[in-house]
Amino acid sequence: MLRKALPLLLLFLLFPLLSCRVSHLEKIEFLIGVSNSSMLEEWRIQLNRELKEEADRYPFLSVIFTDAASSTEKQMEDIDKLMGFGIDLLIISPCDVERMTPVISGIYGTIPVIILDRVVDGYDYTLFIGPDNENIGRLGALALHRLLGAEGGRVLEISGPLDQLSSRSRSRGLHREAESRYPAIRLGEPLIVTPQNRDRAEDLLLENPGLLDDIDAIYTHTDGLALGVSRALVALGRRDIPIVGTDSPSGESGSGDLVAQGLIHSSVESSTGGREAVRFALDILNRRTGVPKQVILRSRIVSGESRDLGEGTLLPRERGSGITLGYAQVGTESQWRVSNTKSIIQAAKEFDIDLIYRDADQNQEAQIAHLREFIRRRVDVILLSPIVEEGYEEVLREAREAAIPVLLSDRKINSPDEELYMTFIGGDFREEGRRAARWILRQYGDKGARILELWGTSGATPTVERHEGFAEIIDGEGPYRILFSGTGDFTREGGYAIVADYLQSHVPSGVEVIFAHNDDMILGAIDAIRERGLKPGEDIKLISVDGTRAALSALRKGEMNFVVECTPLLGDQVMKAVMDLMQGKDLPMRIVTDERTFTAEQVDDSLIRRRSY
Ligand code: GZL
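If you're wondering where the values come from, they're calculated on a predicted model, not measured in any experiment.

1. Some words on the domain arrangement of the protein chain
Taken domain by domain, the protein chain comprises domain 1 (2-125), domain 2 (133-269), domain 3 (324-426 + 570-582) and domain 4 (429-566 + 598-610). In this assembly, 14 residues from domain 1 lie in contact with 17 residues from domain 2. Summing the contributions of domain 1 and of domain 2, the shared interface buries around 1100 Å²; its carbon and sulfur component is 44%. It is Glu 41, Glu 42 and Trp 43 in domain 1 that bury the most area against domain 2; as a group they hold 40% of the surface buried on that side. In this assembly, domain 1 and domain 2 are joined by one residue pair in polar contact (both at pLDDT 80 or more).

The structure is reproduced here in C-alpha cells:
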C-alpha cells in the first residue's frame, strides 16, 4: 500500500518547492549576460554600476556579469558560459575589436547583441552605444587650449595600443584639431602604454622621467592612465605638470571623477551608456519597433571651473502635455518626406506634444524664417530638418540665446560648434551609399560598369554622404566609370529630366547602371527609359535609396534591381528625445536608425502591403 502511495506522497511534498521554483523561473522574464572587457578602470566599474542600478528597476530582469580581465581568450570563454546559461541578450564591451567581430557576428545570429564603447567592423549587431572617439580627441585639444591659453605648449600624449580603433580615433581627433585650430599646442608621437592601465602608465614614467623634460601638459586617453600618471608625477616631484584626462564617468560616480579630487586639471567625459543599454535591451526583448542601430553618446569637458552644460536646465515633466514643439520641415519633395512628416505629426499626437508644423518647400530662407518664428513664440523645443548643411549657425545661436534646445532629425548641419543642437536622429547615409556600390561590384565584378549618378539636393547631408559612401567603394576610375552625374533635387521630375536629356543626347547611351540618391528620382528615370523604348531593370540596372512602397513595387516588377532602406519613420524616436530632454536627461550626440536592403527576391506582395510608406 505504502509503495503505491509513495510517489503521490513525494509529489505532494515536492509540489510547493517545484511550484515556487517554477513561479520564480516564470518571474525571470529575461536573462541578460554582460561581458565587460575588464574592471581595471573606474569607467568600467561605473558601467557595471549603471547597468546593475538600471536593471534592478525591473524585477523580472536578471543580469549575469562577467569580467574578461583584458583577455580576449577569457572574454570568449565568458561568452560561452553566458550562452550556456541560456541568456536572452548579450551586452558586450569587446577587449579586442578585430578578434571579437566574428565571435559577436555568430552570437548575433542567435540572440540580440548590444555593443558598448568599442564598435566592431560591419553591422552584425543589434545596437551600438558608445562615444564618438574622434570627437573626444577634438574636445581634448579644446581642453588643452583652455588650459595652456594662446601661447600653447608642448604636450605629452599618453595612449593605449594604437591597434585599438578607439585609441586611433581619439589620437586622430586630437592631432587634427590641434593642427587646424590650436597650432600652438605642440604634440609629438604618443607614448603607448601596453597594457593600457594605471599601473603600467605609472611605471613607464618612473622608469623614463626624461619623458617629462620641457613638457607643459599631459593628455591621457583614459582616466585610468591619468591616475597612473598623476601618481608618477607626485613621486617625481612634477605636480607642476597639469593633466587632461578622458572618460571620467559623469554624474554621481564621484569616486571616478578625478577632476573633483584635484588629481587632474580637466577631463573629456563620456557617459558609459549603461542605463541606455538596459532600456534598449528591454525594447529589443519586448520586440518594440524603432530601436536604432547606433546611439552615439555626447562627450563634454569637465574641469574644476566648469562642466560644459550640454544638457539644458529644463523642467522635469511627466507626459508631453504642455510641451510646444516647433517643427521646421524641408518640404514635400518626395514620398519619403511626406511619410516622414506624417510620422512626426502622428508621434506628437501620441506623446501629447503640441506641434507647430512649418513646410519650407525646400527654400532655406523660408525655413530660417520659420525658426525665428518659433523663437519669437518661445516654443519649448525646436525640431529642424535642415534643407542643406550650411547657413544655420546664426539662427541656431539665436535659439540657444533664447534657451530653446534644437533637435536635428533626418539631416545635419555643418558646424564646429557641437552645442548648437542636442542630438541628430537619422540614417547612416555613407553606409547607404556603400551598400549601393557594393551591390554594383557584386553584379559586375572585374568587368566594371558605366554608371549615371542622380544626386539629391546639393549640399544636403544625404546627398553629400551617400555620394561619399558610394565613392569610397566605386571611385569612378578603372573599369567602373561614372559617365555622368546631375542633381535631381530628390524629385521625380528632377530624375526624369536628367535621364531623358542624357538618353536623348547619347545614342546609344552606354549607360549600364543608374544610382539615384532617392526613390523618386529613380521613378522619374524609369519614365524616361521607357519613353526611349528601353526596358528599365533590364537594359539599364536601377538602384536607389529610401525603400518606399513605390520603389519596392518596381523592384517586384523587375523594373528596378536593388533598393537601400532609409526609414522616414523617425517620429517615435524624436518624441522620446523631446521627452528625455524635457525631463533633464542627457541626450546622445547621434541616434542612427537601423536600415536594410532589398533585392527582387526579398520583396513579395505582403511585404509591399505592409510597407507603411
Ligand atoms: C533622407 C532624406 C532624403 C530622402 C529623400 O534622410 O533627407 O530627403 O532620401 C528626401 O527622399 O527627399
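2. Concerning the pairing of strand β18 (residues 423-426)
The side-chain alternation of β18 yields two buried faces, one formed by Thr 423 and Ile 425 and the other by Phe 424 and Gly 426. Both strand β17 (residues 406-409) and β18 contribute to a ladder of three bridges, which runs parallel. Among the inter-strand pairings, Leu 408 is bridged to a residue of β18, identified as Phe 424. Pairing of β18 with strand β24 (residues 590-592) involves three bridges; the strand directions are parallel. Residue pairing across strands places Gly 426 opposite Val 592, the latter belonging to β24.

3. Considering the site of the ligand
Near the ligand, the surroundings consist of 13 residues, among which Glu 333, Asp 410, Arg 411, Arg 466 and Asp 546 are the closest. Ser 334 is positioned with one of its side-chain polar atoms (N or O) 2.9 Å from an oxygen atom of the ligand. Here an oxygen atom of the ligand and a side-chain polar atom of Arg 411 are 2.7 Å apart. In isolation the ligand has 320 Å² of accessible area, and contact with the protein removes 100% of it. Secondary structure elements with two or more residues in the shell around the ligand: α10 (335-350) and α14 (461-473).

4. As for the confidence of the model for the protein chain
In this model, the protein chain carries a mean pLDDT of 90, and residues with pLDDT of at least 70 account for 91%. Segment residues 14-25: pLDDT under 50, and one contact once partners within four positions in sequence are set aside and those in other chains are kept. Confidence over residues 251-256 falls short of pLDDT 50; this stretch has 15 contacts with residues more than four positions distant or in other chains.

5. Thoughts on the packing of aromatic side chains
Within the structure shown, the criterion is met by five aromatic pairs. Relative to Phe 515, the ring of Phe 470 has its centre 4.4 Å away and its plane inclined at 10°; by these criteria the two rings are stacked. With Phe 470 in helix α14 and Phe 515 in strand β21 (residues 513-516), this residue pair connects regions lying 45 residues apart in the sequence. Phe 515 carries the same exposure label as Phe 470, and that label is buried. In this structure, Arg 435 is placed above the aromatic ring of Tyr 123, and the distance from its NZ or CZ to the ring centre is 5.1 Å.

6. Focus: the sheet that holds β18
Spatial ordering of the open sheet is given by β2-β1-β3-β4-β5-β12-β24-β18-β17-β16-β14-β15, a layout of twelve strands whose pairing is mixed. In this open sheet, the two edge strands, each paired with only one partner strand, are β2 (61-67) and β15 (354-359). On average, each strand axis in the sheet is inclined to that of its neighbour by 15°, with strand direction left out of account. Relative to strand β4 (residues 113-116), strand β3 (residues 89-92) runs parallel, the two being bridged by three bridges. Opposite Ile 91, over in β4, you have Ile 114 as the bridge partner. Sheet strands touched by helix α4 (residues 97-108): β3 and β4. Its angle to β4, the strand with the most contacts, is close to 150°.

7. Section: the side chain of Lys 293
Looking at the secondary structure, you find Lys 293 in the loop between α9 (274-285) and β12 (294-297). For the buried residue Lys 293, which engages in no salt bridge, the nearest side chain bearing the opposite charge is Asp 594, 4.0 Å off. Reaching out from Lys 293, the side chain makes a polar contact with the backbone oxygen of Tyr 123 at a distance of 3.1 Å.

8. Brief notes about the sheet that holds strand β23 (residues 562-565)
Read across the sheet, six strands follow the order β20-β19-β21-β22-β23-β25 without closing on themselves; strand pairing throughout is mixed. Only two strands of the sheet have a single neighbouring strand rather than two, namely β20 (480-487) and β25 (597-598). In terms of strand pairing, β23 meets β25 through two bridges, oriented antiparallel. Paired with Val 564 across the two strands is Thr 597, which belongs to β25. Packing of helix α13 (residues 429-444) onto the sheet brings it into contact with β19 (449-455), β20, β21, β22 (541-546), β23 and β25, and relative to β23 it is tilted by some 160°. Of the strands in this sheet, β19, β21, β22 and β23 touch helix α16 (residues 519-531), which is tilted by about 155° from β22.

9. Examining helix α6 (residues 165-181)
The terminal C-alpha atoms of α6, which comprises 17 residues, lie 24 Å apart, in line with the 24 Å expected from a rise of 1.5 Å per residue. Within α6 the residues assigned to the buried category are Ser 166, Ser 167, Ser 169, Arg 170, Ser 171, Gly 173, Leu 174, His 175, Glu 177 and Ala 178. Those residues of α6 that are buried are in contact with β5 (127-131), α5 (133-148), β6 (153-159), β7 (185-187), β9 (217-220) and β10 (243-246).

10. Topic: the nonpolar core
The biggest cluster of nonpolar side chains holds 44 residues, and the ones touching the most others in it are Ile 382, Tyr 392 and Ile 440. Ranked by residue count, the leading element in this core is α13, at six residues. Of the residues that make up this core, three or more belong to each of domain 3 (324-426 + 570-582) and domain 4 (429-566 + 598-610). In this structure Tyr 392 touches Gln 364, Gln 367, Ile 368, Leu 371, Leu 384, Pro 386, Ile 387 and Ile 413, once residues within four positions along its chain are discounted.

Conventions we followed
- Residues numbered from 1 in each chain as written.
- Predicted model: local features only at pLDDT ≥ 70, side-chain atom pairs only at ≥ 80, totals over all residues.
- Heavy atoms only, no water.
- Domains from an automatic or database assignment.
- Contact = heavy atoms within 4.5 Å.
- Buried area = accessible area lost by both parts, 1.4 Å probe.
- Polar contact = N/O pair within 3.5 Å; in protein donor to acceptor, adjacent residues only side chain to side chain.
- Buried < 20%, exposed > 50% of the residue type's maximum accessible area, 1.4 Å probe, protein only.
- Helix = DSSP H or I, 4+ residues; strand = E, 2+ residues; numbered from the N terminus.
- Pairing = 2+ DSSP bridges.
- Near = heavy atom within 4 Å.
- Areas by Shrake-Rupley, 256 points an atom, 1.4 Å probe, with all protein chains shown as cover.
- pLDDT = per-residue confidence, 0-100.
- Phe/Tyr/Trp six-rings, centres within 6.5 Å; stacked < 30°, edge-to-face > 60°.
- Lys NZ or Arg CZ within 6 Å of the ring centre and 35° of its normal.
- Axes fitted to C-alpha atoms, helices over the stretch in contact; angles between N-to-C directions.
- Lys, Arg positive; Asp, Glu negative; His and termini not counted.
- Salt bridge = Lys/Arg side-chain N within 4 Å of Asp/Glu carboxyl O.
- Expected span 1.5 Å × (residues − 1).
- Core = buried A, V, L, I, M, F, W, Y, C linked by side-chain atoms within 4.5 Å.

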